[in-house]
Amino acid sequence: MDGDKSRKEGQAKNKQCSNQKSNQTSNHQPTNHSSSPQSGSSDNSQPSSPLQDFNQRAILTSGEILTSPQPIVTQRDHRHSLSGIGTANGAGSATSPVNAVVKASSTGTLASSAPFHLHNSKRENMVSSTGGDFLSNFPSLTCSGPSLGNFGTLTSSCSANAGKTANGGFDADLFASGHIFFPPPSPVGSSPPQNQGQVIYNWQASKTSVKERLAYLYNTDTMTDIQFKVGKPPAHQIISAHKFILSIGSAVFDALFNGRLASTDSIIEIPDVEPAAFSALLRFLYTDEVQIGPETVMTTLYTAKKYAVPALERACVEFLKRNLSPDNAFMLLTQARLFDEPQLAALCLETIDKNTTEALAADGFTDIDLDTLCVVLERDTLGIRECKLFSAVCRWAEAECIRQNLIPPTSENQRHVLSRALRLIRFPLMTVEEFAMGSAQSGILEDREVVELFLYFTVNPKPSISFLDVPRCCLTGKEQVVSRFCQIESRWGYSGTSDRIRFMVNRRIFVVGFGLYGSIHGPTEYAVNIQIIHMDSTKVMGSNDPTFQCDGTTSTFRVMFKEPVEILPNTSYIACATLKGPDSYYGSKGLRKVTHESVSSGKVTFQFTYAAGNNNGTSVEDGQIPEIIFYT
């Protein structure tokens, strides 16, 4: 009896202790109640349901303790259900939902064909700040996978496996915000939105190489950490970029971001660079692609030099070389000197030498600066007569007067702006006729200089002068003429066929024109096409379509090429003239070999032979083209 009594007292004490512990627990942690039509209260002795476990974990993880034992009501979207959310490789524990999601998001894409929503009225106010920040930073998280079924279960696996703990449980904090939206995937092949501030989830998966991934980052706001305000207001633009990519491509950017005096500004202003040129620079740094055109090549070259990107510099220079022509040679020469590109400058000068007349006639010539003009006038290789060069320089002087607001551009003002360039014009290389008809009457030269030059042309020995008399290489010395006929006859007709004669010389010369016979019927104007053709290659070395006036005498009349034609020694060429007009005089008793001798330039030997084919009857013995005008 005593034993039974003791056992009953012990059971009573144990029961009392159990009740006290139960009461203490209920004071600190409310009991979760499942919403069920069959039961109005929870039974602590019964095993908890998965829904009760989820609700309890959601409350505990949020860091808050409810003082009211009110049940948590879950609003269920009847279109979808949630079951079996899997675990991502390396996902964090349930106490670190952000890390779990970040790690999970790197494993792949959630495969879903329809968006789903989770609503939880009680837990909307229990979102952790870290989880909220994460979701706000990824406003366009893309999901691709099956739809969600009943709450608490996922009907099929997700490659991201977000929301499940390492132990297989459900990470409630991940969905504690109450509203999570996964939009449907974009159509296959569609381009990501540019400059929209949106982050496309798992864009890395479709980029199979580092180059593709960097190219994707170009011109997007994805992970950018620096901005540039490029250009001058109001045409400036804000361009975002990545410090790391810029630093590994440019020593200037590296010093700007990582040097001892690195900038801490979030927006860097670059007013001296064009936005298009800066974009071309960034495209090259991100993708190795060169995107330049005639309108942007010079500004891109400047930008590449400013930020020390030599590969882009070379690409710009090569582009300019490919597009170099007589029309833009002077403009590019100015830019090449400005940007210190000696190779490009040399090519421009070579083009000007070979096409001097066309280059001087281009609009860009009058826009060059005085220093560039002097560099050109100092050259000994210009292929133009000095009188034509002087006329071009006068045009430049007029344009410079307007730029300096010296209006009207009088001869005094032109002399002022020409300054030292005037002394670089080689007036002594002109003939006395060319000087008298042009330079002497221009008003740019002083009276003393005009008299000095006239004395140089007319007296011997030559007096000293203040202008250079060194011949230019391609037009050495004075103009010379070789004549191949000993007698003149009358009546040579024309029917559209070319007069042609073959010739060869023993030294290098430059042919500048032909002397032709004129009409036997008095003063007449002829239209003529003249050519010099390389015999072996049939290449036209020089050509022009001038007109000339004749006075009805037996004299020859000058017909000139646009620029001197270089004639190499011991090489056969064909001189060709096609005249349109009445019958003319012609030469007879022609010479096969003519040696022309000059005091200043020595001897030049010409050999004339018959040009096979249709030549309108011209031969070595008689015909047209009696004279060849040349320089040595």
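Coordinates for the structure precede this section.
The present account deals with the structure reproduced in this document. Because the structure is predicted, anything quoted here is derived from the model rather than measured.

Okay, the nonpolar core next. Counting 80 residues, the largest nonpolar core has Phe228, Leu246, Phe253, Phe278, Leu418 and Phe427 as the members making the most contacts within it. For this core, the element with the most residues is helix 15 (residues 386-403), which contributes 9 residues. Residues within four places of Phe278 in sequence aside, it is in contact with Phe228, Val230, Ile239, Phe253, Ile270, Val273, Thr303 and Tyr307. Counting 34 residues, the second-largest nonpolar core is a separate cluster that includes Tyr494, Leu516, Val620 and Phe630.

Now for the pairing of strand 13 (residues 509-517). For strand 13, the tally of buried residues reaches 9 of 9 residues, placing the bulk of the element in the interior. Here strand 13 pairs with strand 17 (residues 556-567) via 8 bridges, running antiparallel. Looking at strand 17, one finds that Phe510 is bridged to Glu566. Judged from the 5 bridges that link them, strand 13 and strand 22 (residues 627-631) form a sheet pairing that is antiparallel. Within strand 22, the residue paired with Gly515 across the bridge is Glu627.

To summarise the sheet geometry, strands pair through backbone hydrogen bonds and adopt either a parallel or an antiparallel arrangement. Here 4 strands make up an open sheet; going across it, the order is 10-22-13-17 and the pairing antiparallel. Each end of this open sheet is capped by a strand with a single partner; those strands are strand 10 (480-483) and strand 17. Taken pair by pair, the neighbouring strands of this sheet meet at an average axis angle of 25°, ignoring direction.

Residues Ile268 and Ile270 line the buried face of strand 9 (residues 267-270), whereas the alternating positions Ile267 and Glu269 sit on a face that is not buried. Relative to strand 9, strand 7 (residues 226-230) runs parallel, the two sharing 4 bridges. Bridging across to strand 9, Gln227 finds its partner in Ile267.

To continue, consider helix 14 (residues 370-377). Within helix 14, the full set of buried residues consists of Thr372, Leu373, Cys374, Val376 and Leu377. Contacts made by the buried residues of helix 14 are with helix 11 (329-338), helix 12 (342-354), helix 15 and helix 16 (411-418). A side-chain oxygen of the first residue of helix 14 lies 3.1 Å from the backbone nitrogen of Asp371; this N-cap is Asp369.

One pass over the full model with this rule turns up 26 aromatic pairs. Each ring, one from Phe228 and one from Phe257, has its centre 6.5 Å from the other, and the planes form 55°; the classification is tilted. A residue pair is termed long-range when its members are at least 10 positions apart, and Phe228 in strand 7 and Phe257 in helix 7 (residues 251-258) qualify at 29 residues. In this pair, the class of Phe228 matches that of Phe257, namely buried. Each residue in the set Phe390, Phe427, Phe435, Phe454, Tyr456, Phe457 and Phe467 is aromatic and connected to the rest through ring pairs, giving one cluster. Above the face of the Phe467 ring, Arg423 is positioned so that its terminal group lies 4.5 Å from the ring centre. Between the NZ or CZ atom of Arg484 and the centre of the ring of Phe608, over which it lies, the distance is 5.7 Å.

What counts and how
- Residues numbered from 1 in each chain as written.
- Predicted model: local features only at pLDDT ≥ 70, side-chain atom pairs only at ≥ 80, totals over all residues.
- Heavy atoms only, no water.
- Core = buried A, V, L, I, M, F, W, Y, C linked by side-chain atoms within 4.5 Å.
- Buried < 20%, exposed > 50% of the residue type's maximum accessible area, 1.4 Å probe, protein only.
- Helix = DSSP H or I, 4+ residues; strand = E, 2+ residues; numbered from the N terminus.
- Contact = heavy atoms within 4.5 Å.
- Pairing = 2+ DSSP bridges.
- Axes fitted to C-alpha atoms, helices over the stretch in contact; angles between N-to-C directions.
- Polar contact = N/O pair within 3.5 Å; in protein donor to acceptor, adjacent residues only side chain to side chain.
- Phe/Tyr/Trp six-rings, centres within 6.5 Å; stacked < 30°, edge-to-face > 60°.
- Lys NZ or Arg CZ within 6 Å of the ring centre and 35° of its normal.

Scope: geometric values only; no functional claims are made or implied.
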